Amino acid sequence: MDAAGIGELMEGLGRSALAAAQVLALAPSTQKNAALAAAAAAIRARTAAILAANDRDMSAARARHLSGPRLERLRLDAGRVAAIAAAVDAVIELPDPVGRIAAEWERPNGLRIQRLTVPLGVIGIIYESRPNVTADAGALCLKSGNACILRGGSESQHSSRALHEALASGLSAADLPPTCIQLVPTADRAAVGYMLAGMSEYLDVIVPRGGRSLVERVQQEARVPVIGHLEGNCHVYIDRDADVRMARAIALNAKMRRTGICGAAETLLVDEACAATHLAPVIRDLLAAGCEVRGDPAVQQVDSRVRPASEDDWYTEYLDAIIAARVVAGVDAAIAHIARYGSAHTETIVTENAATAERFLQRVDSAIVLHNASTQFADGGEFGMGAEIGISTERFHARGPVGVEQLTSYKYVVRGTGQVRP
């Protein structure tokens, strides 16, 4: 498709989304929830078709020699499809964020003022190999009253199309325009460029969900506001007052439960005051689980299988079974390391010392900070938000998991009785 064809296609999507957003913004909760329920049912009923579409994507991805972590993010099975449908159902249970009175007051002149939550409008979402984002993003935008234009990665195009068809059928079943959730029907990369630079008339915000190169491109080229994060270089800090069994369990889970998600731990920091008792068990657990460990000299002494860490390792989001490990001189050194090398995503401290924990939680400037819990809890579903579009490391407009509340803005409604300003 040539540039003119791409432009015509994207303009058509934009016009349809704008019209759908006007309908959806006024839709009652019952109608939105009915659409979500029908969509979840359709996903379950179409499991075989969704898996067949995913098989096509997986075959093409293997032929393109995609890396193991990217294949893992792309792969669907019956359990994962069931989880996608369950996530849509979970969004139904969330309070409707639209039309909520966030604050109200009356002025001395009798004017009554309310701050009322409203949808953002039309959201463009650009993502890579995770087909579940199609359902998560569509469901969250629907619940929050926003129309959306989804542009999934070429590697997940068949899976995303199958999931999108289920979402569209749910919208139709609830008498809402199917164009409330649209999927860009071409893998041509020019469509991404057009979303970024040519659709400011239609898009109110863009959310990128993918690797560093994608997010950097979106942030550099977008002509509308962006909600996104560059990467998840997440840290586990084991303090001198950590319970060693808890430290072992958290470090192993944070790294190895799922290595390809943005909440996976990429760096392990261990207090020098407990290195003699805590370091070796944690490192050997990771090695036994098949994790490559790249460490500083103190960590290398624990096991001959530990490879030397380079300066670049402290900055790296591996998204793989690799972790960088370092011994540090206490909590302040850990905080300083995170400030220098981290990506402001998610960090955890393991300690039984409440004062040390509070120091860490208050001074680490990341979107999510945890105490005695795995970084893998950095997830909107685990936060009770039903699902998420992503984890934002921005400070404006949203930070942390982006769910239905983060997909709203507000307006002021002022009621008078004939007041004029003197």
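Engineer: Which residues make up the pairing of strand β9 (residues 292-295), and what values go with them?
Structural biologist: With burial as the criterion, only one face of β9 is covered, namely that bearing Val293 and Gly295; the residues Glu292 and Arg294 on the opposite face remain uncovered. Sheet analysis places β9 next to strand β11 (residues 322-328), joined by 4 bridges and oriented parallel. Within the sheet, the bridge partner assigned to Arg294 lies in β11 and is Ala324. By the bridge criterion, 2 bridges tie β9 to strand β10 (residues 307-308) in an arrangement that is parallel.

Engineer: Could you give an account of the sheet that holds strand β2 (residues 112-119), with specific residues and numbers?
Structural biologist: The strands making up a sheet associate through backbone hydrogen bonding, with each pair oriented either parallel or antiparallel. As summarised here, the arrangement of the 3 strands in space is β1-β2-β16, forming an open sheet in which the pairing is antiparallel. If you trace the sheet from one side to the other, it starts and ends with β1 (101-106) and β16 (408-415), each paired once. Across the sheet, the mean angle separating the axes of adjacent strands is 20 degrees when strand polarity is ignored. Bridging between β2 and β16 involves 8 bridges; their strand directions are antiparallel. Of the residues in β16, the one forming a bridge with Gln114 is Val413.

Engineer: Account for the packing of helix α13 (residues 331-341) against helix α14 (residues 354-363), with residues named and values stated.
Structural biologist: Where α13 meets α14, the closest approach of the two axes is 10 Å, and the angle between their N-to-C directions is 20 degrees. One finds that α13 runs roughly parallel with respect to α14. Crossing handedness for the pair α13 and α14: right-handed. Judged by residue contacts, Val331, Asp332, Ile335 and Ile338 of α13 engage Thr356, Arg359, Phe360 and Arg363 from α14. Considered class by class, the residues forming the contact of α13 with α14 number 4 nonpolar, 1 polar and 3 charged.

Engineer: Which residues make up the nonpolar core, and what are the values?
Structural biologist: Ranked by internal contacts, the top residues of the largest apolar core, which has 73 residues, are Ile43, Ile125, Ile149 and Ile389. Once residues within four sequence positions are removed from consideration, Ile149 is found in contact with Leu13, Gly14, Ala17, Val122, Ile123, Gly124, Ile125, Gln182, Val184, Met195, Met199 and Leu203.

Engineer: Please give an account of the side chain of Ser392 that cites residues and values.
Structural biologist: Within the secondary structure, Ser392 is located in strand β14 (residues 391-392). Beyond its immediate stretch of four places on either side in the chain, Ser392 contacts Ile227, Gly228, His229, Ala367, Ala398, Arg399, Gly400 and Val402.

Engineer: Please give an account of the pattern of salt bridges that cites residues and values.
Structural biologist: Proximity of charged atoms lets side chains of opposite charge pair with each other. Here the structure, examined in full by the defined rule, presents 19 salt bridges. Arg248 is paired through a salt bridge with Asp285; the nearest N and O atoms lie 2.8 Å apart. With Arg248 in helix α10 (residues 244-256) and Asp285 in helix α11 (residues 275-288), this residue pair connects regions lying 37 residues apart in the sequence. Exposure remark for Arg248: the relative accessible area of 34% places this residue in the partly exposed category. For Arg305, the salt bridge is made with Asp303, and the minimal N-O distance between the two is 2.9 Å.

Engineer: Describe helix α2 (residues 29-45), naming the residues involved and giving the relevant values.
Structural biologist: Working note: α-helix, 3.6 residues per turn, so residues spaced by three or four point in the same direction. The end-to-end C-alpha distance of α2, which contains 17 residues, comes to 24 Å, matching closely the 24 Å that a straight helix rising 1.5 Å per residue would cover. Buried within α2 are the following residues: Lys32, Asn33, Ala35, Leu36, Ala39, Ala40, Ala42 and Ile43. Of the surrounding secondary structure, the elements contacted by the buried residues of α2 are α1 (3-24), α3 (47-63), α5 (78-92), α6 (132-143) and α7 (157-173).

Engineer: Go over a nonpolar patch on the surface, please, and point to the residues and values.
Structural biologist: Where nonpolar side chains cluster on the molecular surface, the patch consists of Trp105, Tyr410, Tyr412 and Val414 and spans about 430 Å² of accessible area. Take the nonpolar patch: its biggest share by element is 3 residues, from β16. Structurally, the position occupied by Tyr412 is in strand β16. Owing to a relative accessible area of 46%, Tyr412 belongs among the partly exposed residues under this scheme.

Engineer: Hey, could you go over the packing of aromatic side chains for me, with residue numbers and the actual values?
Structural biologist: All told, the structure shown has 4 aromatic pairs when counted by the stated rule. Pairing Trp105 with Tyr412 gives two aromatic rings, centres 6.4 Å apart and planes at 75 degrees, and the pair type is edge-to-face. Taken together, the residues span a long stretch of sequence, with Trp105 in strand β1 and Tyr412 in strand β16 at a distance of 307 residues. Centre to centre, the rings of Tyr315 and Tyr341 are 4.7 Å apart; their planes meet at 70 degrees, and the pair counts as edge-to-face. In this pair, Tyr315 sits in the loop between β10 and β11 while Tyr341 sits in helix α13, placing the two residues 26 residues apart along the sequence. You can call Tyr315 partly exposed: its relative accessible area is 37%. Three or more aromatic residues joined by ring pairs form one cluster here, namely Trp105, Tyr410 and Tyr412. Cation over ring: Arg115 sits above Tyr410, and NZ or CZ is 5.6 Å from the ring centre. Geometry around Trp314 places Arg326 over its ring, the cationic atom sitting 4.1 Å from the centre.

The rules we used
Residues numbered from 1 in each chain as written. Predicted model: local features only at pLDDT ≥ 70, side-chain atom pairs only at ≥ 80, totals over all residues. Heavy atoms only, no water. Buried < 20%, exposed > 50% of the residue type's maximum accessible area, 1.4 Å probe, protein only. Helix = DSSP H or I, 4+ residues; strand = E, 2+ residues; numbered from the N terminus. Pairing = 2+ DSSP bridges. Axes fitted to C-alpha atoms, helices over the stretch in contact; angles between N-to-C directions. Parallel < 35°, antiparallel > 145°, perpendicular 65-115°, else oblique. Left-handed = near helix turned anticlockwise from the far one by under 90°. Contact = heavy atoms within 4.5 Å. Nonpolar A, V, L, I, M, F, W, Y, C, P; charged D, E, K, R; others polar. Core = buried A, V, L, I, M, F, W, Y, C linked by side-chain atoms within 4.5 Å. Salt bridge = Lys/Arg side-chain N within 4 Å of Asp/Glu carboxyl O. Expected span 1.5 Å × (residues − 1). Patch = residues over 30% accessible without salt bridge, like charges linked within 9 Å, V, L, I, M, F, W, Y side chains within 5 Å. Areas by Shrake-Rupley, 256 points an atom, 1.4 Å probe, with all protein chains shown as cover. Phe/Tyr/Trp six-rings, centres within 6.5 Å; stacked < 30°, edge-to-face > 60°. Lys NZ or Arg CZ within 6 Å of the ring centre and 35° of its normal.

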